[in-house]
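Chain and residue survey
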Amino acid sequence: MMNGSHARWTDQLSDYLDGGFAEADRDALEAHLAECGTCRDVLHDLRALVESAHRLGDVPPARDLWPGIAAAIGAPAPAARPRSVIELPTAARARARRGLFLTVPQLAAASVVLAVISAAATVWVGPGVATTSAVGEKGGTVAATTDAGAVFPAVDLAGPPPELAQELRLLEQTLAAERARLEPNTVRILEKNLGVIERAIDESRRALAIEPGNVFLREHLDRTYREKLDYLREAAGIADWTG
Amino acid sequence: MGTLLMAGWLLAGAAVPAASVADTTVELRRGDRVVVERFTGELSVESWSRSSLSVAGDADDVRGVAVTRSGSEVTVRPDDRKARTNDVELVVRVPAWVRLEVSGRELDVSVAGVEGGVAVRNVSGDVRMDRVAGEIAISTVEGEIGVYGARGPVTAHSRGDDVTLSDVTGDVDVGTGDGDLRLENVTASNLRAETLDGDVYFNGALAPSGTYWISVHDGDATLILPGDTDAHVSVSTFDGELTSDFPVTLRRYQGGGVFDFTLGEGSAQLEVKVFDGEIRFRRREGR
Amino acid sequence: MAADGDHAAFERLYRGHVGRIHALARRMVGDDVAEDLTQEVFIRAWSKLGSFRGDARFGTWLHRLAVNLLLTRRETLRKREAKAVTADGVLDRLVAPRQRSPGAAVDLEAALARLPDGARRIFVLYDVEGYGHEEIAGLVGISVGTSKSQLHRARMLMRGHLNG
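Note on numbering: residues in each chain are counted from 1, in written sequence order. Chains and ligands are labelled by the order in which they are written, letters from A for the one and numbers from 1 for the other. Per-residue local features are limited, in this predicted model, to residues with pLDDT of at least 70; the limit for side-chain atom pairs, both in listing and counting, is 80 or more; totals at the level of whole chains, interfaces and linings are taken over all residues. The side-chain values count all of the structure's non-hydrogen atoms but skip hydrogen atoms and water molecules.

Remarks on the overall build of chain C
Our working definition: Secondary structure follows DSSP: runs of H or I at least 4 residues long count as helices, runs of E at least 2 residues long count as strands, and numbering of each begins at the N terminus. Under the convention used here, a 1.4 Å probe and the Shrake-Rupley method define accessible areas, while residue burial counts only the protein chains that appear.
The helix and strand tally for chain C stands at 9 helices and 0 strands. Starting at the N terminus and walking to the C terminus, you meet the elements of chain C as α-α-α-α-α-α-α-α-α. With an accessible surface of roughly 7,500 Å², chain C has 49% of that area assigned to carbon and sulfur atoms.

As structure tokens, this is what we get:
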């Protein structure tokens with residue numbers, strides 16, 4: 001506790017700390033501080049306190065408040081957060097939104113000059129490989145053959161390529177743990193962009209479920225998983241270099 | 001000068017008055033690297049003819065800046081003892097020959113005239129470069145990237161915004177998650193362009209024996225090429241539509257939307273992969 | 001974007017700013033009513049979006065709206081004064097903030113909760129949120145001199161709490 005004689009000096013310390021001091025007053029105060037350890041201690045404590053206060057961070061609420069806000073502003077009821085469970089389509093092949101123009105069986109033969117299409121022509125290419133496939137249960141594997149008889153390796157339609165799966169899992173866990181260290185705006189940005197990648201993965205998986213034998217789709221899905229891996233690696237590092 | 005008056009100057013877009021330019025100048029030597037880190041707000045880096053570094057801006061902002069040298073690395077960062085976590089607007093001037101590295105969290109960055117290589121990394125904020133050279137590397141999670149006039153390999157990746165390269169000579173590696181890629185007058189022997197949700201627009205030329213790889217998940221790929229282009233083109237798509245000004249002779253059809261064709265003598269290698277979107281080859285008039 | 005009545009865009013704004021607004025509410029008014037008041041801030045912000053002209057950062061506008069709301073909730077403040085807020089209550093729901101020495105932050109929040117209302121308000125607005133004395137005087141309805149002396153009193157009390 002401060003006794004009366006120091007109070008006349010310590011009462012000025014906040015103003016001094018905040019830079020709102022006229023020079024003449026500052027000289028007098030600094031002259032006193034040079035001689036008085038007690039007042040110097042107070043100044044030191046105040047400065048440390050102010051710096052700590054500057055660095056106090058955001059505190060997210062313990063529960064998600066959005067549903068209550070949404071109800072009050074007339075927003076549609078928020079859907080539950082999507083889980084990564086893919087509903088496999090039925091065995092019936094979905095039709096391409098764009099029509100199929102080139103007749104696929106006619107083109108199935110390899111390494112032959114197939115057609116010359118004149119300038120400004122439009123070629124529509126859609127899901128066209130005729131396959132026989134057995135679509136498994138959720139998380140099951142599917143083997144498929146093309147008309148040409150090649151057998152494609154079984155595709156685990158529920159998950160990423162095995163060589164990426166472990167690191168993806170680890171990174172997802174790391175990010176969940178580091179979330180609290182990140183600025184809320186950073187978290188918002190990271191989640192939004194992760195959503196873009198997840199949607200692309202989802203669409204690719206659905207397409208692959210329609211055409212399990214499609215080499216392009218296999219490569220595309222693998223590439224999109226790698227994109228997710230790169231992204232999670234980058235996100236996991238952000239907490240470190242943004243400090 | 002009071003802070004309110006200073007703010008007025010900045011809002012009016014006037015040049016910062018001389019009274020507010022900091023005395024923070026540091027002599028630089030050839031081979032020095034300049035690192036600017038941990039600021040939030042707006043940062044401009046410009047080259048000038050002196051061989052020193054200077055930091056200018058609002059008096060309060062500049063007061064909160066610390067410049068230190070360690071060997072050949074000169075670092076510009078907030079002074080923890082003085083700086084609040086407020087947005088700053090700073091102009092840093094450096095000689096053209098330095099190598100520049102910038103990092104920050106929410107930071108808009110513009111760089112002009114730096115020729116020793118530039119690396120910029122932030123979480124959000126737009127990044128713009130003009131007339132730069134050396135190895136150029138830009139990484140942002142949410143922010144637009146624009147590179148106008150560059151000599152040197154350019155790597156530019158955003159996650160959630162557009163990337164534009166214009167008048168660039170050198171190998172190119174660009175990508176974004178949710179945004180468009182625009183490549184105009186890009187002369188590269190090796191090019192990689194990848195976006196998930198967005199379009200790729202390429203208007204340039206393919207070097208003989210160059211390799212070009214474009215991937216789009218949900219969006220269009222448009223390539224505008226000279227009439228005498230020599231390239232072997234491989235197109236892969238799941239649900240796509242190909243339109244071409246060039247005659248397309250299919251050489252190989254793997255099924256499922258993968259096919260090859262050749263333009264001219266076929267010396268460059270071009271791969272275009274679009275999961276769901278249009279692929280357009282247009283012939284550019286003239287050269 | 002959100003000004004067009006886009007609920008999805010407003011949700012994104014909510015997610016980006018809720019941490020800051022909730023922290024402000026906790027420190028200004030107390031943990032027990034912070035969640036309710038945070039919701040109120042965003043509901044009010046939605047209804048006032050038309051007055052946001054986009055000439056300043058959204059966060060600044062939202063923050064100012066929050067401060068105004070929190071300051072005028074006298075009933076809530078009085079209710080809070082009647083309760084005995086212990087240091088334990090604050091610690092239970094504290095999410096680890098970014099600090100060099102984690103212990104310091106926890107102590108700081110606890111000490112803050114023990115300040116009398118007027119002193120705590122000024123300390124939060126000036127030292128935590130970075131408002132100036134002129135702004136605080138205008139917001140709270142006191143003179144600049146009172147703001148300065150209240151701030152000093154708050155800091156000295158905090159120092160006393162922290163030094164044990």
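From this point, the narrative continues.
A closer look at a negative patch on the surface
Residue and element names in this part refer to chain B. Rules: Patch construction takes residues with relative accessible area above 30% that form no salt bridge. Like charges are linked within 9 Å, and nonpolar side chains (Val, Leu, Ile, Met, Phe, Trp, Tyr) are linked within 5 Å. We count a salt bridge whenever a side-chain nitrogen from Lys or Arg sits within 4 Å of a carboxyl oxygen from Asp or Glu. Residues counted as positive are Lys and Arg, residues counted as negative are Asp and Glu, and His and the chain ends are not counted. Charge coordinates come from a single atom per side chain, which is NZ of Lys, CZ of Arg, CG of Asp or CD of Glu. Summary of the burial criterion: residues with accessible area below 20% of their type's maximum are buried, those above 50% are exposed, and those between are partly exposed, where the area comes from a 1.4 Å probe applied to protein chains only.
On the surface, E42, E89, D108, D126 and E144 cluster together into a patch of negative charge. Within the secondary structure, E42 sits in strand 2 (residues 33–48). Judged by its relative accessible area of 38%, E42 is partly exposed.

Looking at the side chain of E35(C)
What counts is decided by this rule: Pairing of N or O atoms within 3.5 Å defines a polar contact, subject to two protein rules: one partner must be a possible hydrogen donor and the other a possible acceptor, and residues neighboring in sequence count only if both atoms are side-chain atoms.
On the secondary structure map, E35(C) appears in helix 2 (residues 31–47). Within the local environment of E35(C), its side chain forms a polar contact with the backbone nitrogen of A62(A), the two atoms lying 3.5 Å apart.

Some details on unusual backbone geometry
Of note in this structure, R38(B) is not a glycine but carries a positive phi near 70 degrees. For R38(B), the location among the structural elements is in strand 2.

Details of the packing of aromatic side chains
Remark: the centre distance and the inter-plane angle together describe each pair of aromatic rings, the angle taken between the planes. The cut-off we apply is this: Between rings of Phe, Tyr and Trp, where Trp is taken as its six-membered ring, a pair exists when centres lie within 6.5 Å; planes separated by under 30 degrees are stacked, by over 60 edge-to-face, and by other angles tilted.
Throughout the structure, instances matching the rule amount to 8 aromatic pairs over all chains. Pairing F10(C) with F42(C) gives two aromatic rings, centres 6.4 Å apart and planes at 75 degrees, and the pair type is edge-to-face. Here F10(C) is found in helix 1 (residues 7–29), whereas its partner F42(C) is found in helix 2, with 32 residues between them in sequence. Each member of the pair, F10(C) together with F42(C), is buried. Consider the rings of Y14(C) and F42(C), whose centres lie 5.0 Å apart with planes at 75 degrees: the pair is edge-to-face. Taken together, the residues span a long stretch of sequence, with Y14(C) in helix 1 and F42(C) in helix 2 at a distance of 28 residues. Of the two residues examined, Y14(C) and F42(C), each falls in the buried class. Taken together, the aromatic side chains of W66(A), F10(C), Y14(C), F42(C) and W46(C) make up a single cluster linked through ring pairs.

As for the pattern of salt bridges
Residue and element names in this part refer to chain B. Taken as a whole and assessed by the stated rule, the structure comprises 35 salt bridges over all chains. Across the pair R128 and D130 runs a salt bridge whose closest N-O atoms are separated by 2.8 Å. For R128, a relative accessible area of 40% puts it in the partly exposed group. A residue is classified by how much of its surface remains accessible, and D130, at 16% relative accessible area, is buried. The structure contains a network of salt bridges with shared partners spanning R33, E73, R99 and E101.

Things to note about the pairing of strand 15 (residues 181–187) of chain B
Residue and element names in this part refer to chain B. For clarity, the threshold we go by: Should DSSP find at least two bridges between two strands, the strands are regarded as paired.
With 6 bridges connecting them, strand 13 (residues 163–169) and strand 15 associate as parallel partners. Bridge pairing in strand 15 places S166 opposite E184. Note: strand 15 against strand 17 (residues 200–203), 4 bridges, orientation parallel. Counterpart to E184 in the pairing with strand 17 is N203.

Some points on the pairing of strand 3 (residues 52–57) of chain B
All names here are of chain B. The buried count for strand 3 comes to 6 of 6 residues, which makes it a mostly enclosed element. One ladder, built from 3 bridges, connects strand 1 (residues 25–27) with strand 3; its direction is antiparallel. Bridge assignment links T25 to a residue of strand 3, and that residue is S54. As paired elements, strand 3 and strand 6 (residues 88–95) share 4 bridges and run antiparallel to each other.

With respect to the confidence of the model for chain B
Residues and elements named next belong to chain B. The criterion, for reference: Residue-level confidence of the predictor is summarised by pLDDT, bounded by 0 at the bottom and 100 at the top. In this analysis, two residues are considered to be in contact whenever any of their non-hydrogen atoms come within 4.5 Å of each other.
Residues with a pLDDT of 70 or more make up 86% of chain B, whose mean pLDDT is 86. Ranking the helices and strands of chain B by mean pLDDT puts strand 9 (residues 127–133) first, with 97, and helix 1 (residues 3–11) last, with 38. Segment residues 1–21: pLDDT under 50, and 18 contacts once partners within four positions in sequence are set aside and those in other chains are kept.

Quick look at the environment of E219(A)
Residue and element names in this part refer to chain A. One can find E219 in helix 9 (residues 215–241). By relative accessible area, which is 39% here, E219 ends up partly exposed. As a C-alpha pair, E219 and S204 span 15 residues in sequence and 10.0 Å in three-dimensional space.

A few points about empty space enclosed by the protein
The condition that has to hold: Think of a 1 Å grid over just the protein atoms. A cavity is a set of points where a 1.4 Å probe fits yet cannot get out, a pocket is an open set with protein on both sides within 12 Å along at least five of seven lines, and lining residues have an atom within 4 Å of a point. Grid points are joined across faces, edges and corners, and a volume is the space filled by probe spheres set on the points.
Per the counting criterion, the structure on display carries 3 cavities of 30 Å³ or more. Within this model, the second largest cavity holds a volume of roughly 50 Å³. Lining the second largest cavity are H220(A), R223(A), T224(A), E227(A), E194(B), T195(B), L196(B), S215(B), V216(B) and H217(B). Elements represented by at least two residues in the lining of the second largest cavity include exactly helix 9 of chain A together with strand 16 (190–197) and strand 18 (211–218) of chain B. Among the elements that line the lining of the second largest cavity, the one with the most residues is helix 9 of chain A, at 4 residues.

So, the environment of S139(B)
Looking at where S139(B) falls in the secondary structure, it is placed in strand 10 (residues 136–142). For the pair S139(B) and G175(B), spaced 36 residues apart in the sequence, the C-alpha separation amounts to 9.6 Å.

Section: the packing of helix 1 of chain C against helix 3 (residues 58–72) of chain C
Residue and element names in this part refer to chain C. Note the following rule: The axes used here are C-alpha line fits, helices contributing only the stretch in contact, and every angle between their N-to-C directions lies in the interval 0 to 180 degrees. Definitions for this section: a left-handed crossing has its near helix turned counterclockwise from the far helix by less than a right angle. A right-handed crossing has that turn clockwise. The residue classification treats Ala, Val, Leu, Ile, Met, Phe, Trp, Tyr, Cys and Pro as nonpolar and Asp, Glu, Lys and Arg as charged. All others, Gly included, are polar.
Taken N-terminus to C-terminus, the directions of helix 1 and helix 3 make an angle of 30 degrees; their axes are 10 Å apart at the nearest point. Read as a crossing pair, helix 1 and helix 3 show a hand that is right-handed. Residue-level inspection shows L13, H17, R20, I21, L24, A25, M28 and V29 of helix 1 in contact with helix 3, the latter providing F58, G59, L62, H63, A66, V67, L70 and L71. Grouping the constituent residues of the contact of helix 1 with helix 3 by class yields 12 nonpolar, 3 polar and 1 charged.

Looking at helix 3 of chain C
An α-helical segment advances 3.6 residues per turn. Residues three or four places apart therefore align on the same side. All names here are of chain C. Here is the rule we go by: One less than the residue count of a helix, multiplied by 1.5 Å, gives the span that helix is expected to have.
Here helix 3 contains 15 residues, and its C-alpha end-to-end distance of 21 Å stays within 8% of the 21 Å for a straight helix at 1.5 Å per residue. Of all 15 residues making up helix 3, 11 are buried, and the element is well covered by its neighbours. F58, G59, W61, L62, H63, L65, A66, V67, L69, L70 and L71 are the residues of helix 3 that are buried.

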